[in-house]
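An overview of the molecular structure
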Amino acid sequence: MVTALIIPLILACIAGLGGYLLYRYVVYDAMCKMSVNRILSSYDIRKSPAQIIREFHEIIRGEKISERQVRNLEKMYRQTNPDQFLEMYDALRERRSDR
């Protein structure tokens, strides 16, 4: 009798946890990525977020970063502070106009 209650409860917990993890690591990131791309295209910026990050670190900070670091920074900025891409792009544009 107890197993008739425990087994469905465990299955429901597993399904709920799986759904949450799917949302948190796949769906949420995809929604953030679409949002950032929409913001960049609304300002008529033709560069990808990865290109902006790479150029910002090379030109403004003067340091080379690896592709892995670019991907990690892109994901972090995309999920926590999407306006950071516009700030970096503006800094790059100002740096080019100063030259």
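Above this text you will find the structure in question.
To keep things clear, this report deals only with the structure shown in the data block. (Residues numbered from 1 in each chain as written. Predicted model: local features only at pLDDT ≥ 70, side-chain atom pairs only at ≥ 80, totals over all residues. Heavy atoms only, no water.)

**Overview of the packing of helix H2 (residues 49-60) against helix H3 (residues 67-80)**
- Put simply, H2 and H3 touch, their axes get as near as 9 Å, and they point 115° apart. Remark: the crossing between H2 and H3 carries right-handed chirality. Every residue of H3 that contacts H2 at Pro49, Ala50, Ile53, Arg54 and His57 is listed here: Glu67, Val70, Leu73, Glu74 and Tyr77. (Axes fitted to C-alpha atoms, helices over the stretch in contact; angles between N-to-C directions. Helix = DSSP H or I, 4+ residues; strand = E, 2+ residues; numbered from the N terminus. Left-handed = near helix turned anticlockwise from the far one by under 90°. Contact = heavy atoms within 4.5 Å.)

**Observations concerning the pattern of salt bridges**
- Counting across every chain of the model gives eight salt bridges.
- The salt bridge involving Asp44 is made with Arg46; its shortest N-O contact spans 2.5 Å.
- Given a relative accessible area of 53%, Asp44 falls into the exposed group.
- Relative accessible area serves as the criterion here: at 71%, Arg46 is assigned to the exposed category.
- In this structure, Glu55 engages Lys47 in a salt bridge whose closest nitrogen and oxygen atoms are separated by 2.5 Å.
- Residue Glu55 is classed as partly exposed on the basis of its relative accessible area, which comes to 21%.
- Judged by relative accessible area, which is 22%, Lys47 ranks as partly exposed. (Salt bridge = Lys/Arg side-chain N within 4 Å of Asp/Glu carboxyl O. Buried < 20%, exposed > 50% of the residue type's maximum accessible area, 1.4 Å probe, protein only.)

**A word on H3**
- The end-to-end C-alpha distance of H3 is 20 Å, a good match for the 20 Å that 14 residues give at a rise of 1.5 Å each.
- Those residues of H3 that sit buried are Val70, Leu73, Glu74, Tyr77 and Arg78. Along the long axis of H3, the arc covered by the buried residues comes to 130°, so they all point the same way. Exposed residues pointing more than 90 degrees away from the buried face of H3 are listed as Arg68, Arg71 and Thr80.
- Buried-residue contacts for H3 involve helix H1 (2-42), H2 and helix H4 (84-98). (Expected span 1.5 Å × (residues − 1). Arc of directions from axis to C-beta.)

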